[in-house]
Amino acid sequence: MTEKTRREFLKTGALVGLGAAAGDLIPEKAWASGRSERESRARSGAGRPTVVASQNGLAAVERAMDLLLAGEDTLEAVVSGVNIVEADPEDMSVGYGGLPNAEGVVQLDSSAMHGPTRGAGAVGALEGFKHPSRVALAVMRYTDHVFLVGAGARQFALEMGFKEENLLTEKARARWIKWRATLSEQDDYLTPEQSHEGVWDLGLEDSWDGARRYGTINCCAVNGAGDISGVTTTSGLSFKVPGRVGDSPIIGAGLYVDDDVGAAGSTGRGEAVIKSCGSMLVVELMRGGMSPKDASLEALRRIVHFTVEKRLLNDDGRPNFNVNFYAVNKSGDHGGAAIWSGRQYSVADADGVRHEDSAYLFERRG
Ligand code: GLY
């Protein structure tokens, strides 16, 4: 959909003919059987269709909005949006090309929530499938459970017909080998300096700073009828302990949707979000009347208050990590906030597809 067409629709409420092809990223055609009912609800709604996502989600919010405007279900829209990022090897925090765990294995986490049906599905430490969000969706649709992990999640994905593939790109493998070699001088893995070879010969980019990252994409949407859904998907903390599961697949932590109120999701240090039930807290604060931005800031204050471990504090006694929340309410108001300044979030609404600055608690120096 062109920007002009999108704006016309969002301002007039008119449904225009769209070729919003989701292609093979929407394999679940059976799920679309209730589409005409959803389309008429979307048309009749007086709300404001809005999609929010993390900073890396610009393409995701654009696709999700195109699908919303074509009458697609909110969850199908956001999952199709994040599928773009899951398939992108250049985003090394999500899906294919994600950085592996400490043993060089890519383990993915994802959760999905569908507001109108109060549905939820999640997978943790899933190996070998580039769209864990689709597997999470299948858990929601085709089981009586919410959360499958590890070998069981893999078996379920195979049974459901998802294609197993190697997710470790050469770029990600090179970074893992360098990380492993620089970890300790007491082990047997050598850096080029230690082996007198001089340079890395792994195709490593010079620009890589060697830092571990949390990454992740979250995407939440409300349509014109006020239906709300969300999804979060990630390869998690790079070089993590095998089996480590972050906040992303945990309902209430990395994602929460309440169709009466709104939706929220997170990126950043998952351990901090899990301990504060972060996304549920944001939604509960919105239920109490806070705006998405203020609710996100308040949840971040809770995380700061809970952070007492010396190893997690800087010299000023503030967290030495970042957490970001993204939130949208039933009316289409949206907000994003981070502990530290300098972050942005992605939005698609009547004003177009864009990045907006996230609110923050602390100004990052230097
Ligand atoms: N927030 C992503 C993670 O901690 O895995």
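Look up a bit, the structure's there.
I will try to describe carefully the structure that is included in this document. (Residues numbered from 1 in each chain as written. Predicted model: local features only at pLDDT ≥ 70, side-chain atom pairs only at ≥ 80, totals over all residues. Heavy atoms only, no water.)

### What about the overall build of the protein?
Inference 1: Secondary structure summary: the protein contains 11 helices and 13 strands in total.
Inference 2: Residue burial in the protein is summarised as follows: out of 366 residues, 54% are buried.
Inference 3: The contacts in the protein between residues at least 6 apart in sequence include a share of 65% that link residues at least 24 apart.
Inference 4: With an accessible surface of roughly 15400 Å², the protein has 50% of that area assigned to carbon and sulfur atoms. (Helix = DSSP H or I, 4+ residues; strand = E, 2+ residues; numbered from the N terminus. Buried < 20%, exposed > 50% of the residue type's maximum accessible area, 1.4 Å probe, protein only. Contact = heavy atoms within 4.5 Å. Areas by Shrake-Rupley, 256 points an atom, 1.4 Å probe, with all protein chains shown as cover.)

### A few points about the sheet that holds strand 8 (residues 262–268)
Inference 1: The sheet built from five strands is open, its strands ordered 7-8-9-10-13 with mixed pairing. In this open sheet, the two edge strands, each paired with only one partner strand, are strand 7 (255–258) and strand 13 (359–362). Shown here is a sheet whose adjacent strand axes are inclined to one another by a mean of 15°, direction ignored.
Inference 2: Direction of pairing for strand 7 relative to strand 8: antiparallel, over a ladder of four bridges. Note that in strand 8 the partner of Tyr 256 across the bridge is Ala 264.
Inference 3: Of the strands in this sheet, strand 7, strand 8 and strand 9 (323–329) touch helix 10 (residues 278–287), which is tilted by about 145° from strand 8.
Inference 4: Along the sheet, helix 11 (residues 292–306) makes contact with strand 9, strand 10 (334–340) and strand 13, crossing strand 10 at roughly 25°. (Pairing = 2+ DSSP bridges. Axes fitted to C-alpha atoms, helices over the stretch in contact; angles between N-to-C directions.)

### As for the packing of helix 3 (residues 58–69) against helix 4 (residues 74–86)
Inference 1: Running from amino to carboxyl end, helix 3 crosses helix 4 at an angle of 150°, the nearest separation of the two axes being 7 Å. With respect to their mutual orientation, helix 3 and helix 4 come out roughly antiparallel. Here the hand of the crossing between helix 3 and helix 4 comes out right-handed. Residue-level contacts link Ala 59, Ala 60, Arg 63, Ala 64, Leu 67 and Leu 68 of helix 3 to Thr 74, Glu 76, Ala 77, Val 78, Ser 80, Gly 81, Val 82 and Ile 84 of helix 4.
Inference 2: In terms of residue class, the contact of helix 3 with helix 4 is built from nine nonpolar, three polar and two charged. (Parallel < 35°, antiparallel > 145°, perpendicular 65-115°, else oblique. Left-handed = near helix turned anticlockwise from the far one by under 90°. Nonpolar A, V, L, I, M, F, W, Y, C, P; charged D, E, K, R; others polar.)

### Focus on the sheet that holds strand 12 (residues 352–357)
Inference 1: Strand order in the open sheet formed by eight strands is 4-3-2-6-5-1-11-12, and the pairing between neighbours is mixed. At either end of the open sheet lies a strand with only one pairing partner, and these are strand 4 (147–149) and strand 12. Along the sheet, successive strands turn relative to each other by an average axial angle of 10°, direction set aside.
Inference 2: Bridging between strand 2 (residues 108–114) and strand 6 (residues 228–234) involves six bridges; their strand directions are antiparallel. Note on strand 6: the bridge partner recorded for Met 113 is Gly 230.
Inference 3: On top of the sheet, helix 5 (residues 132–142) reaches strand 2, strand 3 (119–126), strand 4 and strand 6; it is set at about 135° to strand 3, its chief contact.

### Considering the site of the ligand
Inference 1: Residues in contact with the ligand, as listed here, are Tyr 214, Thr 216, Gly 236, Leu 237, Arg 244, Gly 246, Asp 247, Ser 248, Gly 268 and Gly 270.
Inference 2: Here a nitrogen atom of the ligand sits 2.6 Å away from a polar atom, N or O, in the main chain of Gly 268. (Near = heavy atom within 4 Å. Polar contact = N/O pair within 3.5 Å; in protein donor to acceptor, adjacent residues only side chain to side chain.)

### Considering the nonpolar core
Inference 1: Ranked by internal contacts, the top residues of the largest apolar core, which has 39 residues, are Val 282, Met 286, Ile 303, Phe 321, Val 323, Phe 325 and Ile 339.
Inference 2: Among residues more than four places away in sequence, those in contact with Met 286 are Val 261, Gly 262, Ala 263, Ser 291, Pro 292, Ala 295, Ala 327, Val 328 and Asn 329.
Inference 3: Residues Ala 60, Leu 68, Ala 77 and Val 85 belong to the second largest nonpolar core, which totals 24 residues. (Core = buried A, V, L, I, M, F, W, Y, C linked by side-chain atoms within 4.5 Å.)

### Digging into unusual backbone geometry
Inference 1: The phi dihedral of Arg 118 is positive, around 55°, even though this residue is not glycine.
Inference 2: Relative to the helices and strands, Arg 118 resides in the loop between strand 2 and strand 3.
Inference 3: Residues other than glycine seldom take positive phi values, yet Ala 125 does so here, at roughly 50°.
Inference 4: Examined against the element boundaries, Ala 125 turns out to sit in strand 3.
Inference 5: Accessibility expressed as a relative area gives 9% for Ala 125, which makes it buried.

### Examining the pattern of salt bridges
Inference 1: With the rule as written, the count across this model stands at 19 salt bridges.
Inference 2: Across the pair Asp 316 and Arg 365 runs a salt bridge, and its minimum N-O distance is 3.0 Å. You can see Asp 316 sitting in the loop between helix 11 and strand 9 and its partner Arg 365 sitting in the segment after strand 13, a full 49 residues away along the chain.
Inference 3: Judged by its relative accessible area of 68%, Arg 365 falls in the exposed class.
Inference 4: Each of Arg 118, Asp 258, Asp 260, Glu 284 and Arg 287 takes part in one network of salt bridges that share partners. (Salt bridge = Lys/Arg side-chain N within 4 Å of Asp/Glu carboxyl O.)

### Observations regarding the pairing of strand 10
Inference 1: When you tally the buried positions in strand 10, you get seven out of seven residues, the bulk of the element.
Inference 2: The pairing of strand 9 with strand 10 spans five bridges and is classified as antiparallel. Each bridged residue has a counterpart across the sheet, and for Tyr 326 the counterpart in strand 10 is Gly 336.
Inference 3: Taken together, strand 9 and the strand that follows it, strand 10, pair antiparallel across an intervening segment of four residues, in which Gly 332 is found at a positive phi of about 95°.

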